[in-house]
Amino acid sequence: MKRAEILDILKEILLGEEGLVLAESVADMSEETSLIDDLVMDSLQILNLIVLIENRFNFECNESELNLDMFDKVGELINFIESKSN
């Protein structure tokens, strides 16, 4: 799966039923966007996002694999998804 496709899926997840972030924030989201600083996601929203990503991409995250750095930039999260999807 291409990075642009993963980015589009992440946008869908963030805008989905859960409404994790405001639509205006997601419209301009790029790999350089910070989930924490730019999209102003809190810890509960991040946990919810992890569950939604696991379900959408059909993998499980081990607690030891997760760290705050992967949520700093969307590109880091895409890297993680790519590594779990291979």
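See above for the structure.
Residues numbered from 1 in each chain as written. Predicted model: local features only at pLDDT ≥ 70, side-chain atom pairs only at ≥ 80, totals over all residues. Heavy atoms only, no water.

Quick notes on helix 3 (residues 43-57)
In step 1: A rise of 1.5 Å per residue sets the reference length of helix 3, with its 15 residues, at 21 Å; its end C-alpha atoms lie 21 Å apart and thus fit the reference within 8%.
In step 2: Where helix 3 is concerned, the buried positions are Ile46, Leu49, Ile50, Ile53, Glu54 and Phe57. Angular distribution of buried residues about the axis of helix 3 spans 135°; they occupy a single face of the element. Facing away from the buried side of helix 3 by more than 90 degrees, the exposed set consists of Leu44, Leu47 and Asn55.
In step 3: Its buried side turned inward, helix 3 meets helix 1 (3-15) and helix 4 (74-85).
In step 4: Between the side-chain oxygen at the start of helix 3 and the backbone nitrogen of leucine 44 there is a gap of 3.1 Å, and the oxygen is on aspartate 42.
In step 5: One or two residues past the end of helix 3 sits asparagine 58, with phi positive at roughly 60°. (Helix = DSSP H or I, 4+ residues; strand = E, 2+ residues; numbered from the N terminus. Expected span 1.5 Å × (residues − 1). Buried < 20%, exposed > 50% of the residue type's maximum accessible area, 1.4 Å probe, protein only. Arc of directions from axis to C-beta. Contact = heavy atoms within 4.5 Å. Polar contact = N/O pair within 3.5 Å; in protein donor to acceptor, adjacent residues only side chain to side chain.)

A word on a negative patch on the surface
In step 1: On the surface, Asp37, Asp38, Asp69, Asp72 and Glu76 cluster together into a patch of negative charge.
In step 2: Take aspartate 38: it is sitting in the loop between helix 2 (23-27) and helix 3.
In step 3: The partly exposed category is assigned to aspartate 38, whose relative accessible area is 45%. (Patch = residues over 30% accessible without salt bridge, like charges linked within 9 Å, V, L, I, M, F, W, Y side chains within 5 Å. Areas by Shrake-Rupley, 256 points an atom, 1.4 Å probe, with all protein chains shown as cover. Salt bridge = Lys/Arg side-chain N within 4 Å of Asp/Glu carboxyl O. Lys, Arg positive; Asp, Glu negative; His and termini not counted. Charge placed at Lys NZ, Arg CZ, Asp CG, Glu CD.)

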